[in-house]
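# Observations on the three-dimensional arrangement
The primary structure of each chain is shown beneath.
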Amino acid sequence: MALHLSSSDWRQLLDWAETAGDHECCGILRGAGDRVAAVELAQNVATDPAHYFEIDPATLISTAKDVRSGGIPVLGFFHSHPNGLAEPSLTDVAQAAPDQHIWLIIANRAITAWQPVVVAAQVTGFAPVTLLVEG
């Protein structure tokens, strides 16, 4: 599988991660199939945002309501890794939902894409997804 992301969304994600500095930025990917249609920054409400991320629940609720009203579906989520590793951490594996949402991880001015590997309704890791930046 390959995921398509516009160059403007790619730049926006890198800018948000840079602005967040030593804290993790996070947000929602909207789109369908293999295309990201929009990236939406959310507040990181984790108690330790330098090491973890938690998307503001109010944002998740409003996004779900928007999708039910015909808005662009949720394709996945993104967050940054200020530690510089653009790959899922053990915490990411432990906290991931056993679904097929795409995860983008931003680190060191790079973005990688991942999809949870689910075995017996448990996330056991992540498989890399090819990220194609267009336009």
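What counts and what doesn't
Residues numbered from 1 in each chain as written. Predicted model: local features only at pLDDT ≥ 70, side-chain atom pairs only at ≥ 80, totals over all residues. Heavy atoms only, no water. Helix = DSSP H or I, 4+ residues; strand = E, 2+ residues; numbered from the N terminus. Buried < 20%, exposed > 50% of the residue type's maximum accessible area, 1.4 Å probe, protein only. Contact = heavy atoms within 4.5 Å. Areas by Shrake-Rupley, 256 points an atom, 1.4 Å probe, with all protein chains shown as cover. Salt bridge = Lys/Arg side-chain N within 4 Å of Asp/Glu carboxyl O. 1 Å grid on protein atoms, 1.4 Å probe; cavity = no way out; pocket = protein on both sides within 12 Å on 5 of 7 lines; lining within 4 Å. Points joined across faces, edges and corners; volume = space filled by probe spheres on them. Nonpolar A, V, L, I, M, F, W, Y, C, P; charged D, E, K, R; others polar.

With that settled, consider the overall build of the chain. Of regular secondary structure, the chain possesses three helices and seven strands. Sequence-ordered secondary structure for the chain, helices as α and strands as β, is β-α-β-β-α-β-α-β-β-β. In the chain, buried positions account for 41% of the 135 residues. Once local pairs closer than 6 in sequence are excluded, the contacts in the chain between residues at least 24 apart make up 61%. With an accessible surface of roughly 7000 Å², the chain has 55% of that area assigned to carbon and sulfur atoms.

When their charged atoms lie close together, side chains carrying opposite charge are able to pair. Across all of its chains, the model carries four salt bridges by this definition. Among the ionic pairs, arginine 30 bridges to aspartate 66, the shortest N-O distance being 2.3 Å. Of the two residues, arginine 30 is situated in strand 2 (residues 26-32) and aspartate 66 in helix 2 (residues 57-68); the sequence distance between them amounts to 36 residues. Residue aspartate 66 is classed as partly exposed on the basis of its relative accessible area of 34%.

The computed volume of the largest pocket comes to approximately 340 Å³. When its residues are assigned to classes, the lining of the largest pocket shows nine nonpolar, three polar and three charged. By volume, the second largest pocket is sized at about 210 Å³. Contributing to the lining of the second largest pocket are 13 residues, with Glu24, His51, His81, Asn83 and Ser89 lying nearest its centre.

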